[in-house]
Amino acid sequence: MVLNVYNTLRRKKMAFIPRKDNRIQLFVCGPTVYDYSHIGHARTYVAFDVIARYLRYKGYDVFYLQNITDIDDKIINRAREAGVSWEEIADRYTKAYFEDVQALRITSVNKYAPATQYIDAILRQVRTLLEKGYAYELDDGIYYDVSRFKNYGKLSGRTVEEAEDTVSRIDEVIGKRNKADFCLWKLLKPGEPYWESELGKGRPGWHIEDTAITETEFGPQYDLHGGAQDLIFPHHEAEIAQMEAASGREPMVKYWLHTGFLKVGGRKMSKSLGNFITIRDALKKWDVDTLRLMLVSTHYRSPINYTEAAMEQAKNSLNYIRGATRAAKKKVDVKKWIEKFVDAMDDDFNTPKVVALLLEMGKRINKTEEDLSPAIYEIGEVLGIDFRLKERPLPAELMTLIKKREELRKQKRWAEADRIREELKKRGILLRDTPEGTEW
Ligand code: AMP
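Quick summary incoming for the structure in this document. Here the structure is a predicted model, which means the values were calculated and not measured.

Two elements in contact, helix H9 (residues 288-296) and helix H10 (residues 308-327), have axes whose closest approach is 8 Å; the angle formed by their N-to-C orientations is 110°. Judged by the inter-axis angle, H9 sits roughly perpendicular to H10. Counted together, Asp-289, Thr-290, Leu-291, Leu-293 and Met-294 of H9 and Ala-310, Met-311, Ala-314, Lys-315, Ser-317, Leu-318 and Arg-322 of H10 form the full contact between these two elements. For the contact of H9 with H10, the per-class residue count stands at 7 nonpolar, 2 polar and 3 charged.

Laid out in structure tokens, this is it:
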């Protein structure tokens, strides 16, 4: 079956065909590094990690690029609050982000591109937009004129007028031609970081960094662009307006993929509500396999509600699947199970269906002792989840108790043997007596 993906640009599922041969250029909007990343970020980044892993599993040659927004108002404000330089904040949280990425087992990204390393490319794009008449200068910066771009709104389905209504008052700069116009190059304000340029000392606007990075790394057109749904408007709409206007080519991106938002306890995560959970805090409580299984149990386009109950359920499912592999004894051909996995993933990366399939496989092993574990581990590689049983050695004292119980059983001293079983159970160890001996 061919891979079908839901393309936000076309508002429908469509067959996925890379622009050139077998190669896929994938770009996903990375974090603004002014604080620790939260589990909402984990939702989006794990989703695209699984997507990239699956595309490689299908045999595509994927180059996965992610930007890092390391210059931004939020970084400057955080630095002021903390009384340190903006570079120090950006550096601290970039490092923290990489630690989180590693802890989340996100291994699919080929290159991370910090915006500050692309200032020349950013300036080149701004200059092109000025020359082509898509940009204009005001006292505080250079702005993009959305009314000049005839396809403005094609991704989000908004007209320029509708877009204007959603622009916050913060963005209302005196002299802007249209309310929805956005800043490409912010001219220097006292005390703010800046770069020298013939356009005036200043720093980049948010939208331009991504198109400068992708144009440098991929060229003006590429295959796949991802991010969460909050970015469709205005961010991704602005990216299209900038790049297609600058290059005169369309589409900038063939397939746009957007993840649903993660909420905590049914509410938007926020520090004031006290429901803000960082990735590092979540991973203190739950292991990465449990967290990833919880995340992939929902389709990437649907919203996720993070709750303790959902995490418990993921933990139970993980233990169930792992536990089943212990019962796998009879060698069988697992091809048909792999085919079911591929069918589910080919349908717009339907990971909840894959989780249901894994549970079905667990059930099947428990019933028939068929060894489906090679297929389970293969699927696990794509999901980034380790389904191998982790046999931690028991403390010597407990091993001695298990041996003692076996002796007692041989001597048919059942009551004493049962007392030991109960004692072990209290300490979280379950025993299973098999013809080959006692398993724990
Ligand atoms: P930010 O650092 O806020 O610019 O976000 C970086 C990436 O994470 C973007 O793709 C966002 O759309 C995504 N993101 C931020 N918050 C959430 C959330 N609560 N759920 C899902 N994705 C999110």
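We are not done yet, so read on.
A separate point is the sheet that holds strand E7 (residues 141-144). An order of E6-E7-E8-E9 is seen for the 4 strands of this open sheet, with the pairing classed as antiparallel. Single-partner strands in this sheet number two, and they are strand E6 (135-138) and strand E9 (202-204). The average undirected angle you get between the axes of adjacent strands in this sheet is 25°. One ladder, built from 4 bridges, connects E7 with strand E8 (residues 182-187); its direction is antiparallel. The residue of E8 that forms the bridge with Gly-141 is Lys-186. Set on the sheet, helix H4 (residues 119-131) makes contact with E6, E7, E8 and E9; between it and E8 the angle comes to about 120°.

Here we have 5 strands laid out as an open sheet, ordered E5-E4-E3-E10-E11, and parallel in their pairing. Edge positions in the open sheet fall to strand E5 (111-114) and strand E11 (253-259), since each of these has one partner strand only. Across the sheet, the mean angle from the axis of one strand to that of its neighbour is 25°, orientation sign disregarded. Bridging between strand E10 (residues 222-228) and E11 involves 6 bridges; their strand directions are parallel. In the strand pairing of E11, Tyr-222 is matched with Val-253. Across the sheet, helix H1 (residues 39-57) touches strand E3 (23-28), strand E4 (61-68), E10 and E11, and the angle it forms with E4 is around 160°.

With 127 residues, the main nonpolar core has Leu-55, Tyr-144, Tyr-306 and Phe-349 as its most contacted residues. Broken down by element, the residue count for this core peaks at 11 residues, all from H1. Judged by nonpolar contacts, the second largest core, of 10 residues, contains Leu-398, Leu-401, Leu-424 and Leu-431.

For the rest of this paragraph, the subject is the side chain of Asp-181. Summarising the element assignment, Asp-181 is placed in the loop between helix H5 (160-165) and E8. Among buried Asp, Glu, Lys and Arg side chains, Asp-181 stands out as unpaired, with Arg-177 the closest opposite charge at 6.0 Å. Within the structure, Asp-181 has its side chain in polar contact with the backbone nitrogen of Val-146 (distance 2.9 Å). What Asp-181 contacts, discounting residues up to four positions off in sequence, is Tyr-136, Tyr-143, Tyr-144, Asp-145, Val-146 and Lys-176.

On inspection of all chains with the given rule, the structure shows 35 salt bridges. Ionic pairing is found between Glu-88 and Arg-92, a salt bridge with its closest N-O pair at 3.8 Å. On the criterion of helical spacing, the pair formed by Glu-88 and Arg-92 is a turn pair, its members being 4 residues apart in helix H3 (residues 86-103). Residue class for Glu-88 comes out partly exposed when judged on its relative accessible area of 41%. Overall, Arg-92 belongs to the partly exposed group, its relative accessible area being 35%. Put simply, Arg-364 and Glu-370 hold a salt bridge, and the shortest N to O gap is 2.9 Å. Residue class for Arg-364 comes out partly exposed when judged on its relative accessible area of 33%. Its relative accessible area of 17% is what places Glu-370 among the buried residues. Each of the salt bridges in this network shares a partner with another, and the network as a whole consists of Asp-35, Arg-78, Glu-81 and Lys-271.

Now for the site of the ligand. For the ligand, the set of nearby residues contains 16 residues, the closest of which are Thr-44, Tyr-45, Ala-228, Asp-230 and Leu-262. Thr-44 has a polar side-chain atom sitting 2.7 Å from a nitrogen atom of the ligand. In the complex, 89% of the free accessible area of the ligand, which totals 490 Å², lies under the protein chains. Per-element tally for the shell around the ligand: the top contributor is H1, with 4 residues.

What counts and how
Residues numbered from 1 in each chain as written. Predicted model: local features only at pLDDT ≥ 70, side-chain atom pairs only at ≥ 80, totals over all residues. Heavy atoms only, no water. Axes fitted to C-alpha atoms, helices over the stretch in contact; angles between N-to-C directions. Helix = DSSP H or I, 4+ residues; strand = E, 2+ residues; numbered from the N terminus. Parallel < 35°, antiparallel > 145°, perpendicular 65-115°, else oblique. Contact = heavy atoms within 4.5 Å. Nonpolar A, V, L, I, M, F, W, Y, C, P; charged D, E, K, R; others polar. Pairing = 2+ DSSP bridges. Core = buried A, V, L, I, M, F, W, Y, C linked by side-chain atoms within 4.5 Å. Buried < 20%, exposed > 50% of the residue type's maximum accessible area, 1.4 Å probe, protein only. Lys, Arg positive; Asp, Glu negative; His and termini not counted. Salt bridge = Lys/Arg side-chain N within 4 Å of Asp/Glu carboxyl O. Polar contact = N/O pair within 3.5 Å; in protein donor to acceptor, adjacent residues only side chain to side chain. Near = heavy atom within 4 Å. Areas by Shrake-Rupley, 256 points an atom, 1.4 Å probe, with all protein chains shown as cover.

Without other data, these values stay purely geometric and don't point to any function.
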